[in-house]
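Spelled out from the first residue to the last, the chains are:
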Amino acid sequence: MTGTNVLIVGAGPVGLTLAIDLAWRGIDVTVVETRAPAARPDPKCNHVAARTMEIFRRLGLAEKVRNAGLPADYPHDISYRTTFTGEELTRIKIPCRRDRFTMKDGPDCNWPTPEPPHRINQIFLEPILFEHATAQPRIRIVSRTSVEDVLVKDTSAAVSLRDLEAGTLSRIDCRYLIGCDGARSIVRKAVGAELAGDAIVQRVQSTYIRAPKLIDLQRYERAWGTGSINPRRSGMVYAIDGRKRWLVHNYMKPGEGDFDEVDRDACIRTILGVGTDFSYEVISKEDWYGRRLIANRFRDRCAFIAGDAAHIWVPYAGYGMNAGIADAMNLSWLLAAHLNGWAPSAILDAYEAERWPITSQVSRFAMSHAEAEIRRRGAVPEEIEDAGPSGERARREVGRLAYAINVQQYACAGLNFGSYYDSSPIIAYDGSEHPAYTMDSYAPSTVPGCRTPHLWCADGRSLYDAMGPEFTLLRFDSAAETAPLEAAARERGVPLRILDIQKPGLATTDGGGLVLSRPDQHVGWRGNTLPADPLALIDRVRGATIQAATSD
């Protein structure tokens, strides 16, 4: 097999999105994957975060993704009940995809974005990404192939591959190697990274079932996710296709044995609230451990890791996959900047400097939520299913607590948009304090390092549609002088678009009539006038100052 500029190991959502973005930026990519091209993924992630939908929008995928998954009128609500078929305790309202852009009331509405989140299982999402990737002439996907060995060198990597059909071995050399190969990542081992954190937070006996009669047994409106809360078992039931396929999570109790030592059938029936006469089919077992583990490094010279290869945590609104895609988008523009010739290789140092701290923080959000949920599950009142005042009080209180804990993960504008890079070598900071990063609340800000706040342009376009694929200088004062910065960018070959924007009547842009948005839509610099040395600013954001510091 011939060599390649970039070799990605793993064709899951993270690896495929990375390949698509790199190709969109003009980079040739090879992806190796152990599965066959038509193989369905496991029913893992159930949620595409708003930030990921923004990424899919710029790659031309958002509409196709949003039109897939549950039926258009199927509510994306989360309902908490005594059992799936029992009394409803509370409900977190989330619009169905038909009403996603028109419904204004509810905790998951009015997102500051052109692309709010979308509930869709990975079994529907991944084929869309795969089909799109295979249609790109710059992407080559090699299926039914495993990585047997990796040798990381200073400026390239040598990878041994095994054809899983023929059993033959071959070798491929690449300038850059990226491991998107999951929790058992062979690339992580080659990088010399070790996972550290909390090995086991919880254990979940998860079962993918086919039960076409289940949907009609509910006493309340359908929901995308249904939490079952009673003293015997606690679990979640996710609608996969909105008709007959479901994913049932049974949260195992402390002291219970291994997954197969717990009566799977009895637990499923308790969570669903059905008797032994109810018929269902087990499609697959999807048991998992909830962990909080982060690699101590994300890189060794020309080799990088992203997604589950770099971090594993308790599934939290599907944010493991979405955080992995955030990794991929960060790394993609840095790699492309170097390979396209306008940034030195030193710019790649920004990947770990930016992604490791925010990954650690998000993992702690997930950990905190998991611990709160575990405490709630361990304190279900015995009378919760009783008739009469005591039962009603118990249901009301448990419903209130379940809502308070979980609305933060299912309506998480802060988690989506509030992350910022506060110690990056390629961001020109101005000493301003970043807004607090929380799960639920989000304060739009142009403080360098923050996500470039979205707004609607005067012509009705999304700001993100109007910005260029690389650097965009947002000019909120059309009289502001920008020619020296444009000249500096031309001198260094850095792609830069100037975009005049009517300043919104918000505090969003306080501190900068000029805002430099990076290729990943994070703020790289801001000011009311250009800096005295525009060339120095361009050199900072393209990583040349890292190179200079290393050379000194």
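Predicted model only: the values in this text are computed from it and were never measured.

Cut-off values and rules
Residues numbered from 1 in each chain as written. Predicted model: local features only at pLDDT ≥ 70, side-chain atom pairs only at ≥ 80, totals over all residues. Heavy atoms only, no water. Helix = DSSP H or I, 4+ residues; strand = E, 2+ residues; numbered from the N terminus. Rg over C-alpha atoms; globule rule 2.2 N^0.38 Å. Buried < 20%, exposed > 50% of the residue type's maximum accessible area, 1.4 Å probe, protein only. Contact = heavy atoms within 4.5 Å. Areas by Shrake-Rupley, 256 points an atom, 1.4 Å probe, with all protein chains shown as cover. Lys, Arg positive; Asp, Glu negative; His and termini not counted. Charge placed at Lys NZ, Arg CZ, Asp CG, Glu CD. Pairing = 2+ DSSP bridges. Axes fitted to C-alpha atoms, helices over the stretch in contact; angles between N-to-C directions. Salt bridge = Lys/Arg side-chain N within 4 Å of Asp/Glu carboxyl O. Polar contact = N/O pair within 3.5 Å; in protein donor to acceptor, adjacent residues only side chain to side chain.

**Observations concerning the overall build of the chain**
Thought 1: When you go through the chain residue by residue, the secondary structure sums to 14 helices and 23 strands.
Thought 2: Whereas a compact globule of 552 residues would reach a radius of gyration of roughly 24 Å, the chain reaches 24 Å, a difference of no more than 12%.
Thought 3: Projected onto the principal axes, the alpha-carbon positions of the chain cover approximately 75 × 65 × 40 Å.
Thought 4: Per-residue burial for the chain yields a buried fraction of 60% across its 552 residues.
Thought 5: Counted over contacts in the chain with a minimum sequence separation of 6, partners at least 24 positions apart contribute 71%.
Thought 6: When the accessible surface of the chain is totalled, it reaches about 21600 Å², and 48% of it is carbon and sulfur.
Thought 7: Averaged over its 66 positive side-chain charges, the chain has a centre that lies 2 Å from the centre of its 69 negative ones.

**Regarding the sheet that holds strand β22 (residues 514–517)**
Thought 1: Reading across the sheet, the four strands line up as β21-β20-β22-β23 and stay open at both edges, with mixed pairing between neighbours. Only two strands of the sheet have a single neighbouring strand rather than two, namely β21 (496–500) and β23 (523–527). Looking at each pair of strands side by side, their axes are set apart by 15° on average, direction ignored.
Thought 2: Where strand β20 (residues 471–475) meets β22, four bridges bridge the pair, whose relative direction is antiparallel. Across the sheet, T472 pairs through a bridge with S517, a residue of β22.

**Examining the side chain of R395**
Thought 1: Mapping R395 onto the fold places it in helix α9 (residues 389–410).
Thought 2: The buried charged residue R395 lacks any salt bridge partner; its closest oppositely charged side chain belongs to E87, at an N-O distance of 4.8 Å.
Thought 3: A polar contact of 2.8 Å, which involves the side chain of R395, links it to the backbone oxygen of I384.
Thought 4: Apart from the residues within four sequence positions on either side, R395 is in contact with T82, E87, L89, I384, E385, D386 and G388.

**Thoughts on the pattern of salt bridges**
Thought 1: Per the counting criterion, the structure on display carries 45 salt bridges.
Thought 2: One salt bridge in this structure joins E148 and R162, with 3.5 Å as the shortest N-O distance. Taken as a pair, E148 in strand β8 (residues 145–152) and R162 in strand β9 (residues 157–163) lie far apart in primary sequence, 14 residues in all.
Thought 3: Relative accessible area serves as the criterion here: at 37%, E148 is assigned to the partly exposed category.
Thought 4: Here E256 ties to R233 by a salt bridge, and the two come within 2.8 Å at their closest N and O atoms. With a gap of 23 residues between them, E256 in the loop between β14 (245–251) and α6 (264–272) and R233 in the loop between β12 (225–229) and β13 (234–239) connect regions that are remote in the sequence.
Thought 5: Because the salt bridges share partners, they merge into one network encompassing D77, R81, E88, R91 and K93.

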